[in-house]
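Geometric and topological summary
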Amino acid sequence: MRHGSARRLMFASTTGKLGFAVFPLATVLLGHGSSGSFLDAGIVAGAWSVGGTVTAPLRGRLVDRHGQRWPMGAMAVLTALAVAGLVTATATTQLVLSGALAGASAPPIVASTRSLWARAVPHDLLRGAYALEAVLTEVTKICGPLVAAAVAVRSPRLGVIVAGVLLVAGSCLVMSHPPALSARAASARDTGSRGVLGSPALRLLLLTNVCVGVCLGALTVGLPARAAESGSAAGAGWMFACLGLGSALAGARFGTRDRAARSATGYLTALTWLALLLAFLAAISAPPLIAILLTLAGAAFAPMTVCLFELLDAHAPRGTAVASMMWMVAGEELGIAAGTMATGVLAQQAGAWPTLVLAAAACGLGATIAALRISELAHDERSPRGE
């Protein structure tokens with residue numbers, strides 16, 4: 001934080017992350033407030049998620065090709081229009097269409113700030129910057145739903161407006177960041193005809209990220225199901241808080257110490273650790289032990305994110321810094337959708353423990369894929385180019 005550009009970039013990243021954390025619950029509350037139906041609320045929130053997943057690589061590619069200024073500006077305008085459509089909607093169809101547009105046009109703020117950190121801080125502080133990003137992600141995941149719920153007490157529409165303002169403001173902050181104004185990505189011919197997916201290492205990371213998404217989706221349903229067996233599904237709140245606490249503490253520690261191990265090794269270790277802890281969790285029912293295991297399991301997330309960022313820096317084809325990150329986002333979101341649907345069926349028919357087994361198995365599969373081809377990830381790792 002001694003570097004002025006780092007402070008500005010952190011503020012831009014935090015604003016954008018908070019906007020993305022507020023939006024999902026805000027759309028659920030708006031959909032329910034409009035029709036009184038949780039089915040409609042889920043459809044509206046799903047439209048936001050699907051729209052964002054489908055267009056994620058395209059939005060990243062636009063920023064890579066043309067720089068941050070006009071693509072981010074255009075997406076910010078579309079986001080504002082989508083928010084206006086949401087808050088003025090009088091029918092569920094309009095809510096769904098506006099929600100899909102909001103997701104499809106959401107500016108890639110987080111992916112863009114990741115690509116700018118290498119210009120904002122010296123190379124020896126880059127890992128600390130990535131760890132800070134991971135910690136901020138956990139903090140905003142906790143604060144975002146709280147903000148959405150608090151403002152929705154006054155009006156469900158207000159929550160969507162706040163989310164939209166945060167996303168537009170985050171976009172403007174990224175656009176005004178000095179490196180963003182001068183940076184221009186490499187031309188398309190530098191990336192090869194297949195772009196991001198032309199890199200075997202990135203195809204591997206995409207597969208493992210889908211596995212991580214399945215795990216997250218399974219936990220989204222599995223932890224409330226486990227809490228419901230003990231009394232109330234609302235009790236899952238402290239479970240997710242334990243995951244976030246473990247991730248934040250591990251991220252802070254991870255970013256402040258020297259590490260000799262390669263990023264590929266750290267990534268594999270985090271996946272394996274998470275798989276093992278979740279497997280133990282499926283067999284535990286005592287709340288104190290659950291809290292300990294969840295905190296320890298959460299400690300895998302921030303280091304995994306830092307190692308992923310470093311692997312993207314090392315292996316992303318030239319001129320695809322933002323697009324490569326958006327492909328990872330799309331893969332994770334696809335996994336979350338699959339994991340959520342699968343565990344919903346499991347929880348309904350067999351209870352909570354199979355959902356936690358699925359979460360552990362998904363991480364175990366990701367770890368196995370990474371282990372079988374770790375030489376591919378570790379080969380020719382380079383210093384971050386900061387493109």
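Our subject is the structure listed above.
Below or above, wherever it landed, is the structure these notes cover. Computed from a predicted structure; not experimentally measured.

What follows covers the overall build of the protein. When helices and strands are counted, the protein shows 16 helices and 0 strands. Taking 2.2 N^0.38 as the reference for a compact globule, 387 residues should give roughly 21 Å; the C-alpha atoms of the protein span a radius of gyration of 20 Å, in line with that estimate. Seen along its three principal axes, the alpha-carbon backbone of the protein occupies a region of about 55 × 50 × 40 Å. A buried classification covers 51% of the 387 residues belonging to the protein. The long-range fraction of contacts in the protein, counting pairs at least 24 apart against all pairs at least 6 apart in sequence, stands at 84%. For the protein, the exposed area adds up to about 16100 Å²; of that, 68% sits on carbon and sulfur atoms. With 27 positive and 16 negative side-chain charges, the protein shows a separation of 5 Å between the mean positions of the two kinds.

This paragraph deals with the nonpolar core. Within soluble globular proteins, side chains that are nonpolar tend to cluster in buried spots. Counting 100 residues, the largest nonpolar core has Phe23, Trp117, Leu205, Leu223, Leu274 and Leu278 as its most contacted members. Here this core gets 13 residues from one element, more than from any other, and that element is helix H9 (residues 200-229).

Given a rise of 1.5 Å per residue, 30 residues ought to cover 44 Å, and the 43 Å separating the end C-alpha atoms of H9 matches this to within 8%. Within H9, 21 of the 30 residues are buried, which leaves the element mostly enclosed by the surrounding structure.

A few words on a nonpolar patch on the surface. A surface patch of nonpolar side chains, about 340 Å² in accessible area, is lined by Val77, Leu78, Leu81 and Leu101. When you line up the elements, Leu81 lands in helix H3 (residues 69-87).

Pairing between side chains of opposite charge can happen when the charged atoms of each approach one another. Scanning all chains against the criterion turns up 4 salt bridges. With its nearest N and O atoms 2.9 Å apart, the salt bridge here joins Asp313 to Arg114. With Asp313 in helix H13 (residues 301-315) and Arg114 in helix H5 (residues 109-120), this pair connects stretches of sequence that are 199 residues apart. Judged by its relative accessible area of 7%, Asp313 falls in the buried class. Relative accessible area serves as the criterion here: at 2%, Arg114 is assigned to the buried category. In this structure, Glu310 engages Arg127 in a salt bridge whose closest nitrogen and oxygen atoms are separated by 2.8 Å. Of the two residues, Glu310 sits in helix H13 while Arg127 sits in helix H6 (residues 126-152), which places them 183 residues apart along the sequence.

Here we take up the packing of helix H1 (residues 4-35) against H6. For the pair H1 and H6, the least separation of the axes is 7 Å and the interaxial angle reads 40°. Compared by their axis directions, H1 and H6 come out oblique. For the element pair H1 and H6, the recorded crossing hand is right-handed. When its residues are assigned to classes, the contact of H1 with H6 shows 15 nonpolar, 5 polar and 3 charged.

Here we come to the packing of aromatic side chains. Taken as a whole, this structure holds 3 aromatic pairs when the rule is applied. For the ring pair Phe23 and Trp48, a centre distance of 4.3 Å and an interplane angle of 0° mean the geometry is stacked. One end of the pair, Phe23, is in helix H1; the other, Trp48, is in helix H2 (residues 38-66), with 25 residues separating them in the sequence. An identical accessibility class is assigned to Phe23 and Trp48; each is buried. Note on Tyr130 and Phe309: the rings are 5.2 Å apart at their centroids and 80° apart in plane angle, and the pair reads as edge-to-face. In this pair, Tyr130 is assigned in helix H6 and Phe309 in helix H13, connecting sequence segments 179 residues apart. Comparing Tyr130 with Phe309, the two get one shared label, buried. Through a chain of ring-to-ring contacts, the aromatic side chains of Phe20, Phe23 and Trp48 assemble into a single cluster. When the ring centre of Phe309 is taken as origin, the NZ or CZ atom of Arg114, which lies over that ring, is 5.7 Å away.

Tracing the sequence through the fold places Leu223 in helix H9. For Leu223 and Ala352, which are 129 residues apart along the polypeptide, the C-alpha to C-alpha distance reads 7.5 Å. Not counting the four nearest positions on each side in its chain, Leu223 is found in contact with Ala236, Met239, Phe240, Leu243, Leu281, Leu294 and Leu356.

Rules behind the numbers
Numbers given to residues run from 1 along each chain, matching the order in which its sequence is written. Per-residue local features of the predicted model are confined to residues with pLDDT of at least 70, and side-chain atom pairs are confined, for both listing and counting, to 80 or more; whole-chain, interface and lining totals are unaffected and use all residues. Note that water and hydrogens are dropped before the side-chain values are worked out from all heavy atoms of the structure. Numbering of helices and strands starts at the N terminus; helices are DSSP runs of H or I of at least 4 residues and strands are runs of E of at least 2. Our radius of gyration is a C-alpha quantity, and the globule rule it is checked against amounts to 2.2 Å times the number of residues to the power 0.38. Relative accessibility decides the category of a residue: with a 1.4 Å probe and only protein chains considered, values under 20% of the type maximum give buried, values over 50% give exposed, and everything between is partly exposed. Any pair of residues with heavy atoms lying within 4.5 Å of one another is described as a contacting pair. Per-residue and other accessible areas follow the Shrake-Rupley method at a 1.4 Å probe size, with only the shown protein chains counted as cover for residues. For the purpose of charge, His is not counted, nor are the chain termini; Lys and Arg are scored as positive and Asp and Glu as negative. Taken as the charge centre is NZ of Lys, CZ of Arg, CG of Asp or CD of Glu, depending on the residue. Working definition of a nonpolar core: buried Ala, Val, Leu, Ile, Met, Phe, Trp, Tyr and Cys residues. They are joined through side-chain atoms within 4.5 Å. In a helix, the anticipated span is given by 1.5 Å times the number of residues less one. Candidate patch residues must exceed 30% relative accessible area and have no salt bridge, after which like charges are joined if within 9 Å and Val, Leu, Ile, Met, Phe, Trp or Tyr side chains if within 5 Å. Salt bridges are defined by distance alone: a side-chain nitrogen of Lys or Arg within 4 Å of a carboxyl oxygen of Asp or Glu. Axis definition: a line fitted to C-alpha atoms, over the contacting stretch in the case of helices. Angles run 0 to 180 degrees between N-to-C directions. Roughly parallel here means an angle under 35 degrees, roughly antiparallel means over 145, roughly perpendicular means 65 to 115, and every remaining angle is called oblique. Crossings are sorted by hand: turned counterclockwise from the far helix by less than a right angle, the near helix makes the crossing left-handed, and turned clockwise it makes it right-handed. Polar here means any residue outside two lists: the nonpolar Ala, Val, Leu, Ile, Met, Phe, Trp, Tyr, Cys and Pro, and the charged Asp, Glu, Lys and Arg; Gly therefore counts as polar. Two aromatic rings, drawn from Phe, Tyr or Trp (for Trp, its six-membered ring), form a pair once their centres lie within 6.5 Å of each other, and the interplanar angle then sorts them: stacked below 30 degrees, edge-to-face above 60, tilted otherwise. Each ring is checked for a lysine NZ or an arginine CZ that lies within 6 Å of its centre and within 35 degrees of its normal; such an atom marks a charge sitting over the ring.

Purely geometric numbers; function is a separate question.
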